[in-house]
Every structure is written in structure tokens, then in C-alpha cells.
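What the coordinates show
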Amino acid sequence: MTTEYTARDKVAVLTLNNPPVNGLGFDTRVALAAGLDRALADPAIDAIVINGAGKSFCGGADIKEFGTPAALAEPNLLSLILAFEQSTKPVVIAVHGVCMGGGLELALGCHYRIAARGTQVALPEVKIGLVPGAGGTQRLPRAIGLEPAMNMIVSGNPVPSEMLAAIPGQRLFDQIVDGDPLDAAIALAQAKVGAPLPRLRDLRVKHDNAEGFIAFARLTVGAMAKDYPAPQRCVDCVEAAARKRFDEGIKIEREAFAALMMTPESRALRHAFFGERAAAKIPDVPESTPTREVGKVGVIGAGTMGGGIAMNFLNAGLPVVILETAQEALDRGIATVTRNYESSVKKGKLSPEKLATRMGLLTPTLDYAALADCDLIIEAVFEEIGVKEKVFKQLDAVAKPGAILASNTSTLNVDTIASFTQRPQDVIGLHFFSPANVMPLLEVVRARLTSKEVLATAMKVAKRIRKTAVVSGVCDGFIGNRMIEQYSRQAGFLLEEGALPAQIDAAMERFGMAMGPFRMSDLAGNDIGWAIRKRRAIEQPELSYPKVFDRLCETGRFGQKTGAGWYDYKAGDRKAYPSTLVDELVIAESQALGIERRQISDEEIVERLVYALVNEGAKILSDGIASKASDIDMVYLTGYGFPVYRGGPMRYADEIGLWNVLRAMRRYAAADSNGRQAGAWEPAPLLVDLVASGKSLT
Ligand SMILES: NC(=O)c1ccc[n+]([C@@H]2O[C@H](COP(=O)([O-])OP(=O)(O)OC[C@H]3O[C@@H](n4cnc5c(N)ncnc54)[C@H](O)[C@@H]3O)[C@@H](O)[C@H]2O)c1
């Protein structure tokens with residue numbers, strides 16, 4: 001039963017019991033309505049209390065229902081709330097833990113509200129590209145005033161109940177109590193029997209300068225959320241609450257909700273919301289899979305990645321032992337970690353006490369024996385298989401039985417690395433992104449023999465350090481870099497055909513990428529790809545890569561770190577200045593290849609780069625490297641700066657329509673008359689199949 005009905009001292013108590021978040025899906029709404037009818041019909045009942053079982057009152061509507069008939073099936077949320085608001089017996093709602101979205105809207109429709117101290121209260125719909133759709137935008141401003149309501153609705157962020165209760169003149173909470181609010185709610189319900197029933201809809205929104213404030217809100221939102229339609233619609237709805245009658249306001253909210261539901265931005269945001277949760281689920285690793293305790297972590301290598309990786313665990317309160325080969329490298333690594341924390345202290349983001357606690361958890365060492373009691377050891381040494389072999393053999397010798405041995409390698413084969421040990425079942429790839437203490441993505445690389453227990457533990461650890469973990473199989477580049485290679489390759493071909501780096505970057509940044517391919521490459525270091533290409537030239541000579549990349553590296557322009565790359569850089573300034581020298585180099589390369597340069601449109605740039613991601617993504621899916629399309633999208637949203645409002649490359653391809661994507665790919669294949677792009681536009685069989693069967697990727 002999703003809702004329990006009990007009676008206590010002439011009060012009916014309706015308890016939401018629909019774990020994990022007491023969501024207000026169809027069954028729960030039916031049960032709540034039945035409970036209301038029963039209470040109203042029973043002469044032995046004088047009043048009604050609604051509360052929630054478990055850790056939290058209610059996380060909101062069931063968003064899986066959105067866009068399906070179940071969401072509209074009566075009683076829908078709007079009708080249900082109206083029914084409680086119109087109850088002739090007093091309705092008191094008692095909230096605790098989390099009271100969000102539809103849960104808060106239901107509360108706003110009741111006559112009285114009691115909250116446990118510390119309840120997180122929010123209308124987070126804007127985060128999935130919507131406005132609250134069950135009266136929230138109309139009742140909340142009446143309860144707490146125009147400005148606080150606008151802030152909550154436009155940001156979607158939670159506010160603690162006691163802070164809301166402290167707003168002068170507020171009508172949201174009648175009481176804040178410590179602990180379980182049920183007894184207080186029953187007492188209040190009994191006390192209100194026979195009294196006139198207050199309804200938020202009957203109040204007016206008070207503000208001295210509503211017009212000025214709304215104009216200000218509109219401007220601010222316009223500047224901050226230009227790619228997202230929902231925040232502006234939130235302003236429209238709150239404005240209606242201030243200016244119009246309640247019923248008219250509800251109509252405006254309803255229209256905004258329905259219109260936003262159909263936008264690609266909302267579809268993309270909902271896809272990302274579910275994608276984040278889905279990434280944690282691995283098809284053949286059930287949630288009941290046992291996990292190992294991870295209480296102490298080892299990190300090998302205190303370079304760029306090692307230091308950042310260590311910080312993740314220190315931030316989560318876990319002790320870390322960090323190992324280097326020489327005292328000097330160790331000191332340098334520790335100094336970088338300290339400097340990073342000190343800069344957070346200077347910015348007021350970290351207290352000096354916390355800095356001390358975190359550094360206190362870090363033990364530098366040159367001795368492998370210090371790793372003997374670590375539960376998880378992550379290697380981040382030079383990217384050379386010989387070095388990795390030495391390290392993993394040493395780890396195999398010192399690590400305790402059951403310790404998880406992880407590699408942060410970007411390009412090496414994790415199966416090979418596992419084979420250096422006698423315990424390949426305990427070896428896994430943990431591919432962090434730079435800067436490792438900042439970037440949310442973690443690719444969890446499942447090697448052939450990695451045990452399910454180790455995989456499940458890695459996913460749990462990722463959650464603890466607040467990373468978005470996506471499982472990838474073993475292949476060159478894993479999910480993210482294998483795809484980005486095709487994207488960069490197209491960027492190179494476009495240079496040779498007629499574009500310049502700044503044009504390509506600008507087109508991709510207008511599309512919404514955090515950074516275009518050339519600025520990104522300058523940041524990561526152009527020499528990294530160069531080294532990989534040199535290795536490939538020996539191992540896979542058939543791979544064609546535009547030579548313009550090598551031409552640049554031959555001039556020593558490795559990117560920001562050398563003060564010059566695809567762009568020029570000035571000391572102390574990260575701004576990229578277009579370089580005539582690079583332009584000349586690019587044009588000379590076209591000449592050398594005998595290519596007549598042509599004008600290339602931004603549309604072609606975006607299509608070729610993004611469809612190259614889509615095609616490789618589809619191959620990654622068929623190869624079983626990623627288990628679902630949304631995993632690929634999560635990699636791109638959290639690790640590669642793909643615009644969230646486009647939902648990731650796979651979701652974007654669905655939005656454009658796979659038939660259109662395939663047609664464009666065939667057009668580009670036909671245009672590549674001399675076959676320079678060898679294989680780039682060979683459509684992934686999965687795409688062809690999906691188009692033939694009218695299906696989509698996500
Ligand atoms: N830099 C990135 O953007 C990035 C991103 C993801 C993954 N990675 C991977 O992370 C690993 C490290 O990369 P990095 O950029 O931090 O390199 P780095 O050169 O900055 O650091 C490597 C560190 O390892 C130390 N080291 C070398 N051999 C060692 C050994 N035998 N024992 C202990 N320490 C040793 C070195 O002294 C150095 O401090 C590589 O496998 C790389 O592919 C790098």
C-alpha cells in the first residue's frame with residue numbers, strides 16, 4: 001500500500017509510504033484521495049493529518065510518469081491538491097527530511113503545515129527544465145512573499161524549513177518542531193476543528209515594488225540562463241501570482257508547464273537526471289552485490305593526477321598514503337595539494353581548520369610497505385607500460401589480500417595491467433579527469449577479470465567522493481577519449497579543407513561546448529595526442545589522422561604549458577589569441593596536400609564534429625563498451641563540457657532524428673572523394689538498424 005490510513009483520537013492520519021522517496025505517482029494519488037474520502041465520510045473523524053514514512057516526507061511527483069498518460073490520469077496532482085484544499089475538515093500536513101516539488105505543492109494546498117527542523121524544502125522543477133505544475137508558483141509566493149518565492153522557484157535550490165519559518169509574516173509553516181512532527185500535527189488538527197479553514201489561494205502576494213522586482217528578476221534570469229527557457233517561464237508564473245487572480249495564475253502555470261514539457265531542453269535535462277541514476281546501475285551486477293569496506297586509500301605518483309585524486313579522498317574524510325620514487329617529487333606533489341587547499345581558504349570556500357584536518361589525513365611516503373593496510377590503491381604514474389608493470393608487481397607483493405588495485409591509465413590496456421598481478425579479479429581502471437579534484441566524471445574501467453564485488457565497491461566509492469561514475473569496458477580510449485578522437489580528427493580535416501582553429505572553436509562554443517576542440521587541446525597539451533599517434537603509427541599504421549596536428553607539434557607548440565599551441569598565450573593570462581603563424585601553417589598544409597581551401601559553414605563544423613561523436617558512440621554501444629546510450633551522454637556531460645541542455649551526443653542525435661543524422665553522414669562520406677577520412681563516415685551498423693526499425697538511441 002502506497003499510503004496507510006490510521007485513526008488517532010478522532011484524527012485520520014494518511015501516511016505516504018512509497019519508498020524510496022514517497023513519490024506522488026498515480027497509485028499514491030489514488031490512495032491519498034481514497035483516504036481523504038474515507039475521512040470525510042466518517043462521522044467519528046474530525047480532522048486529517050498527512051505525513052510521510054521513512055527518512056523523508058516526499059521527494060515530489062513521479063517524474064517517470066511525465067509525458068505519459070499516467071501523469072494526467074485523475075486524480076492528477078492538481079486535482080488531488082484541490083480536493084484537500086476544499087476539505088471541510090481541517091487538513092494538517094507534517095513534513096520532515098525532504099519536502100520537494102509535488103510534495104511541497106501538496107503541503108501548500110493543505111490548511112496548516114508543520115515541519116521538522118532541518119527539512120529541506122524546494123521546488124526543483126526548473127532543474128529538469130520545467131515550472132512547478134501543481135500550483136506551486138501560485139501558492140508559494142502567497143505563503144512566503146514574492147522575493148523568497150521567486151528565488152526558490154527560479155533556482156530550484158532547497159532551503160531549510162527553519163529559515164523559511166523565520167521570514168517575517170510568512171504563512172508557510174505554522175510550527176517548526178524538533179524530531180517527528182506527527183504528535184504536534186495531531187494536536188494542531190484537533191485544536192482547529194470548527195475553526196474557519198485558511199487557504200493560501202485566498203491571500204494576496206505582498207510586495208512594495210512588485211513591478212520593479214519582477215523586471216529585475218527577468219533581467220537577471222535572462223543573463224544567467226540564456227540557453228534555458230524554463231527560468232523565464234518561472235518568472236512569468238510568479239509574476240502572475242503577484243498580478244492576477246489565483247485561478248488565472250494557475251492557468252498560466254499550467255500552460256507554461258505543458259509548453260516546457262515539449263521543449264528539447266526539458267527532455268535533455270530529464271534525460272540527464274535519469275542518466276545520472278541509471279549510470280550507477282550495471283546490468284549484470286545486482287544492487288545486492290556485496291561490497292568491500294574502503295577505509296584507507298593509497299595513491300602512487302604525486303604528479304598532476306595523483307595529487308588531485310588524493311584530494312578527493314581527503315575531502316571525503318578518508319586517510320590517504322601517497323607514494324613517490326623520490327623525495328623531491330613527493331615534496332612537490334604535497335606542496336601542490338597544500339597550495340590548492342590554501343587557495344580555497346583564501347577564497348573563503350574552506351576553513352583553516354578543515355585544511356588542517358585534510359592535510360592531517362595525508363601521509364607522504366617513499367616506501368611501498370606503507371601501503372600494506374590500504375583497502376584501495378590507485379596508480380597514477382607515467383603512462384608507460386613498463387613503469388605500470390613495475391608498480392603493479394610491487395603492489396601485488398605488498399597489498400593486503402582483498403585490496404583493490406586501480407590504474408588511472410588513459411590509454412593502456414587494463415587487462416594487460418591486471419595480468420602483472422596474481423589477483424586480476426581485484427584490478428580495475430579508475431580513470432579520473434583533469435583536474436581530478438574538480439571534474440565530476442570518473443570512468444570505471446571493467447577489465448575482463450574484474451570481479452563484480454570490486455566493481456560494485458568502486459561504484460560505491462565513487463559516490464562517496466561525489467563523482468559521476470560510468471562503467472566502461474576495455475578499449476583504446478575507453479568511452480570518452482575513444483569518441484573524442486573522432487571529433488578531433490574531423491576538426492583536423494576541416495582545418496585542411498579550409499577552416500581555421502578560431503572558427504571551429506567559435507562554432508562549437510556557440511553550439512554550447514564549454515570549449516572548442518583546439519582550446520581544449522591547448523589546455524590538455526598537444527604533445528599527449530602526438531605521443532599516442534606515434535605509438536599508433538607503429539601498432540595501427542592504417543589509421544589516418546590529419547597530419548596538421550603533427551605539423552603543429554613539430555614546432556614545439558604544445559599548448560598553454562609552452563605559452564603557444566593552436567593559439568598564442570600571454571604570461572599570467574589564459575586567454576587564447578589567434579596566431580598568424582598557426583594560420584600560415586594550416587594553409588601551407590592544405591597546399592602540401594593539394595587541397596583547394598573552401599569556405600566552411602558553422603553548420604558543417606557542428607554536424608561533422610558532433611556526428612563523429614555519435615557514430616563512434618553507436619559503435620561503442622554495439623561493442624558493449626558502454627551498456628547504455630545514457631552512459632555515453634553522462635560521460636560527455638560531466639567530462640567533456642557537452643551542453644547539458646542538449647542532453648549529450650546520443651540524446652542530441654535522437655532529437656535531430658537518426659534518419660537525418662544518417663543522411664548527413666552519407667553526404668559527408670560522398671564528399672570525401674579521395675577517401676582521406678578513411679572510415680570516418682562508415683555508419684555504425686547500430687545506427688542503420690535503428691533507422692530501419694524507427695527506433696532511437698536513448
Ligand atoms: N594528465 C591528465 O590529464 C590525465 C588524465 C587522466 C589520466 N591520466 C593518467 O594518469 C597517469 C599520470 O598522469 P599525470 O598527468 O599525473 O603524470 P605526471 O607526469 O604529472 O605524474 C606522474 C608522477 O608519477 C611519478 N612516478 C613515476 N614513476 C613512478 C613509480 N614507479 N612509482 C611512484 N611514482 C612514480 C612521477 O614522479 C610523477 O610525479 C597516467 O597514466 C596518465 O595517462 C592523466
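Heads up: the structure comes first, above all this text.
Residues numbered from 1 in each chain as written. Predicted model: local features only at pLDDT ≥ 70, side-chain atom pairs only at ≥ 80, totals over all residues. Heavy atoms only, no water.

Quick word on the sheet that holds strand β6 (residues 112-116)
- In spatial order, the strands read β1-β2-β3-β4-β6-β9; together these six strands make up an open sheet with mixed pairing. The two strands at the open ends of the sheet, each matched to only one other strand, are β1 (3-8) and β9 (175-177). Sheet twist, expressed as the average angle between the axes of neighbouring strands with direction ignored, equals 20°.
- Judged from the four bridges that link them, strand β4 (residues 91-95) and β6 form a sheet pairing that is parallel. Looking across to β6, one finds that V95 is bridged to A115. (Pairing = 2+ DSSP bridges. Helix = DSSP H or I, 4+ residues; strand = E, 2+ residues; numbered from the N terminus. Axes fitted to C-alpha atoms, helices over the stretch in contact; angles between N-to-C directions.)

Here's the deal with the site of the ligand
- Lining the immediate surroundings of the ligand are 22 residues, of which M305, E324, E383, K388 and N408 lie closest.
- Residue V381 places a main-chain N or O atom 3.4 Å away from an oxygen atom belonging to the ligand.
- At a separation of 2.5 Å, an oxygen atom of the ligand approaches a polar side-chain atom of E383.
- In isolation the ligand exposes 820 Å². Once the protein is present, 80% of that is buried. (Near = heavy atom within 4 Å. Polar contact = N/O pair within 3.5 Å; in protein donor to acceptor, adjacent residues only side chain to side chain. Areas by Shrake-Rupley, 256 points an atom, 1.4 Å probe, with all protein chains shown as cover.)

Describing a positive patch on the surface
- A surface patch of like charges, here positive, comprises K64, R277, K281 and K463.
- Structurally, K64 can be placed in the loop between β3 (47-52) and α2 (69-72).
- Of the residues examined, K64 reaches a relative accessible area of 65% and is grouped as exposed. (Patch = residues over 30% accessible without salt bridge, like charges linked within 9 Å, V, L, I, M, F, W, Y side chains within 5 Å. Salt bridge = Lys/Arg side-chain N within 4 Å of Asp/Glu carboxyl O. Lys, Arg positive; Asp, Glu negative; His and termini not counted. Charge placed at Lys NZ, Arg CZ, Asp CG, Glu CD. Buried < 20%, exposed > 50% of the residue type's maximum accessible area, 1.4 Å probe, protein only.)

Describing the packing of helix α19 (residues 478-497) against helix α21 (residues 517-524)
- At a minimum axis separation of 10 Å, α19 and α21 run at an interaxial angle of 115°. α21 is crossed by α19, and the crossing has left-handed handedness. Seen from α19, the contacting residues are I484, Y487, A491 and L495; seen from α21, they are P517, F518 and M520.
- A class-by-class count of the residues in the contact of α19 with α21 yields seven nonpolar, no polar and no charged. (Left-handed = near helix turned anticlockwise from the far one by under 90°. Contact = heavy atoms within 4.5 Å. Nonpolar A, V, L, I, M, F, W, Y, C, P; charged D, E, K, R; others polar.)

Side note on the sheet that holds strand β7 (residues 120-122)
- The mixed open sheet is built from three strands, whose spatial order is β5-β7-β8. The sheet is open, and its two edges are formed by β5 (98-100) and β8 (159-160), each paired on a single side.
- Both β7 and β8 contribute to a ladder of two bridges, which runs antiparallel. Across the sheet, the residue bridging to V121 is V159, located in β8.
- The sheet strands contacting helix α4 (residues 102-109) are β5 and β7, and the helix crosses β5 at an angle near 80°.

A few points about the environment of A225
- Considering the arrangement of structural elements, one finds A225 in the loop between α9 (210-224) and α10 (230-243).
- On the basis of relative accessible area, A225 is assigned to the buried category, the value being 14%.

Here's the deal with α19
- With 20 residues, α19 should cover 28 Å at 1.5 Å per step; its first-to-last C-alpha distance of 29 Å lies within 8% of that length.
- The buried fraction of α19 is high, at 19 of 20 residues.
- Just downstream of α19 lies G498, where phi reads positive at about 155°. (Expected span 1.5 Å × (residues − 1).)

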